[in-house]
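# Geometric and topological summary
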Amino acid sequence: MAGFDSPISTLLGGSPPSSLSLGKRAGDVRGMSLSSLCSALEDGEEESNSSSSDKESIRESPERESYSSSLLEIGIKTSTTSASTSTSSSTALLAARRARVLGANVATVDASLPPIVAGSGCRLFAEEEEEEAEAEASAASAGGADGESENPTLTKEKIEKKKKTKLVPFLDAQNNVAHLGHSHPAVAAALSTAFQTLNTNSRYLHPALVEHAEQLVELLSSSSPSSSSPSTSSSSSPPPPSRNGVEDPVVYYVPSGTEANDLALRIARAFHEEEEEAARSKKKEKASTSSPSPSSSSSSLSPSSPSPSPTHRHHYLALEGAYHGHAGEPARVSSYVSFGGKVGSPCPEDVSLLRLPDSVRDKSNNSSWDPAPAVRAAALRARRASSSPSSLSTPATLTAFIFESFPSCAGQVLLPEGWLSSAVAAARADAEEHGSAPPVVIADEVQTGLGRLGPLASNSLWAFQHFGVRNPDIVTIGKPAANGFPFGAVVASRRVAAAFAGNHPPFFSTFGGCTAAAVAALATLGALRIERLPERAAEVGAGLLVGLQKMVSSIENEKVRSELVIQVRGVGLMIGIEVAFSEEARGFAAAPAVASFVAAHCRNFSKVLISCDGAGERRKSVLKVKPPLCFGFEEAEELVEALRMAFEAVPGEMLKLEEEAVEEALAAG
Ligand SMILES: Cc1ncc(COP(=O)(O)O)c(C=O)c1O
């Protein structure tokens, strides 16, 4: 199996993309024309493909050419072709067309952002019409003073032709899906090869899927790699120290984070039902041996009739403001989408929410930082809800505890040391005290996994390890794992997954773990190692955090300094900047309009992309920084400067309006 330093060529069966180094990808590509950018990207792809001449012949085949031209004929253009041939639609027109055909609530970054047509490293490129050409065009169409066109040879058609497009680079500090960086050559090459040779589902034996699953198991297993190798185990050597990971993991593939969490919860239910069943049988056996009755003694002589299966009721524990997916069970446990993100707001009967510690508002109230009482209360709620009239029923406890170790959508909430591990320990201890199956502990690493927080030690790429959560039963993975190709995985302990494997039909997901997903994910793991991106995330993230904190403490805008609390927090390249009113100004109320102004200023003035998020008390008032991991010190400086200018530019009037909005919200309850 390829180790941490294995070259990407081993993983992909091709040569490493040496010519498009990290520096070139992540470096400054401002000023490059669209065509040179596209050809640079193409060059990288060519070179990374150069060793496979047989693949080249497929690439250049006449069938491929006619396929491309027929796509163009029917108006389907790839991003590069549409960019290089320019579009006639203005941003507003395209946005209006989008609004007409997409659902009204389909999310958008900003309707006024020009179309994004290319990406490279941590830059995105928007296509804009050249102002000069536009000015010339409008002057021509407006005509001269005498009502005649200044340039009569400039017909409408020619004006259209003369309109040029330029590429405007944006620094992408918000896109954690392009984990390695946009248009990564290794992933592009892997996907290109897959689409030209084979892309089929995971029912077929394919080395890439097996290799990827082995690597995930190695990265997440609680036993160190050497302990599972028969050649290194001997009776005389002491057992290797166990790592903080999943016990004896197995992998399931799905195409998204939502589906990964849905499957994780399904596995948890299957495990709990089996455990409860076993405990019930044990209880029944014990009851029949301790108080023999005529009927029970007769039943001991004859095969016992199957006991009526109790209706299993499940109860989930989740964190306040969490987001685990847009559909099914994950949406039900996500207070971010389903029920406003606030503890105390109406919540499904089978879900309990754990209030998050709040380092802006809770400073004086340390007792609320101990999660154990709230966890025990949730477990009690679960027992009450599931208590059955049968005296032989087993008191059920929580089926699953699902969490992000660094809650993102909730508002980049940095949990205090030990808080989450105490919550997990309390949930497990409560189950043990009540003789019931332990809750299945599900660490959602869809946003935080694969080194975004930096490595803790060799191979420690997961947020649960950073926050000391011991041995989760299941880890879910998604977004960044295939650098933008649809991907999700469930890594579950074999013991927990056994109930699901044993009592259910074969598991199958058409696109989960398809060949393309497998090779893209393998290439992503390989590039992470070769480019040492987790290490880079730790170094750049630490510098960025200090830079942001310094910038915030030196803001000159008097109103901002005196009326707002701006807290900067984070680990690695997972950073949040919370904007709230000060206690004196407005009792720590969130200031979402100010946060949104800052993000818009960064976008429009500095061409830097960041987003706003947050639930409950932090509602949309946290600026989220989670860039591709190729983000470097130069980009970090650019981001700090953009934010500084944005905070300096917050108008006093806006703070007043925001305060009035807070008043109104308070009055409305
Ligand atoms: C923590 C977390 N889990 C799960 C999901 C769902 O992933 P997907 O959008 O791939 O379904 C998301 C998406 O943002 C997420 O942030």
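Our structure's up above, just so we're on the same page.
Residues numbered from 1 in each chain as written. Predicted model: local features only at pLDDT ≥ 70, side-chain atom pairs only at ≥ 80, totals over all residues.

### Notes on the sheet that holds strand E4 (residues 249–254)
Judged by pairing direction, the sheet is mixed, and its seven strands sit side by side in the order E4-E10-E9-E8-E7-E5-E6 without closing on themselves. The strands lining the two open edges of the sheet, one partner per strand, are E4 and strand E6 (351–354). Strand after strand, the sheet turns through a mean of 20 degrees between neighbouring axes, direction not considered. Two strands pair when backbone bridges link them, and strand E8 (residues 440–444) and strand E9 (residues 474–477) are joined in this way by three bridges, in the parallel orientation. By the bridge assignment for E9, Ala443 is matched with Val475. Lying over the sheet, helix H17 (residues 419–433) contacts strand E5 (316–319), E6, strand E7 (400–403) and E8, oriented at roughly 170 degrees with respect to E7. Against the sheet, helix H19 (residues 494–503) contacts E4, E8, E9 and strand E10 (488–493), and its axis sits at roughly 110 degrees relative to E10. (Pairing = 2+ DSSP bridges. Helix = DSSP H or I, 4+ residues; strand = E, 2+ residues; numbered from the N terminus. Axes fitted to C-alpha atoms, helices over the stretch in contact; angles between N-to-C directions. Contact = placed C-beta atoms within 7 Å.)

### Some points on the packing of helix H24 (residues 592–605) against helix H26 (residues 652–668)
Direction vectors running N to C along H24 and H26 enclose 140 degrees, while the axes themselves pass 8 Å from each other. Taken together, the residues of H26 that come into contact with H24 (itself represented by Ala593, Val594 and Phe597) are Met654, Leu655, Leu657, Glu658 and Ala661. Counted by class, the contact of H24 with H26 contains seven nonpolar, no polar and one charged residues. (Nonpolar A, V, L, I, M, F, W, Y, C, P; charged D, E, K, R; others polar.)

### Focus on the nonpolar core
Ile267, Val490, Val491 and Ala520 are the most contacted members of the largest nonpolar core, which has 161 residues in total. No other element matches helix H20 (residues 515–530), which puts twelve residues into this core. Once residues within four sequence positions are removed from consideration, Val490 is found in contact with Tyr252, Val254, Ala260, Leu263, Ala264, Ile267, Ile474 and Thr476. (Core = buried A, V, L, I, M, F, W, Y, C linked by C-beta atoms within 7 Å. Buried ≥ 20, exposed ≤ 12 C-beta atoms within 10 Å, placed from the backbone.)

### Focus on the packing of H24 against helix H25 (residues 633–648)
Contact geometry for H24 and H25: axes closest at 9 Å, N-to-C directions at 120 degrees. Between H24 and H25, the crossing angle belongs to the class labelled oblique. For the crossing formed where H24 meets H25, the hand is right-handed. Contacts between H24 and H25 pair Val598, His601, Cys602 and Phe605 from the former with Ala642, Leu643, Met645, Ala646 and Phe647 from the latter. Residues that form the contact of H24 with H25 fall into these classes: eight nonpolar, one polar and no charged. (Parallel < 35°, antiparallel > 145°, perpendicular 65-115°, else oblique. Left-handed = near helix turned anticlockwise from the far one by under 90°.)

### Some remarks on the sheet that holds strand E12 (residues 574–581)
Taking strand neighbours across the sheet as the criterion, the four strands line up as E11-E12-E15-E14 in an open arrangement whose pairing is antiparallel. The strands lining the two open edges of the sheet, one partner per strand, are strand E11 (564–571) and strand E14 (611–613). Here the strands of the sheet are splayed against their neighbours by 25 degrees on average, with no regard to which way each runs. In this sheet, strand E15 (residues 622–625) lies alongside E14 in antiparallel orientation, the contact comprising three bridges. Each residue of the ladder has a partner; that of Cys612, found in E15, is Leu623. On top of the sheet, helix H21 (residues 533–553) reaches E11 and E12; it is set at about 170 degrees to E11, its chief contact.

### Quick look at the pairing of strand E3 (residues 165–172)
Relative to E3, strand E2 (residues 123–129) is paired through seven bridges, and the arrangement is antiparallel. Along E3, the bridge assignment pairs Glu129 with Thr165. Of the strand pairs in this sheet, E3 and strand E13 (residues 608–609) are connected by two bridges, and their pairing is parallel. Across the sheet, Asp172 pairs through a bridge with Leu609, a residue of E13.

None of this, on its own, says anything about what the molecule does.
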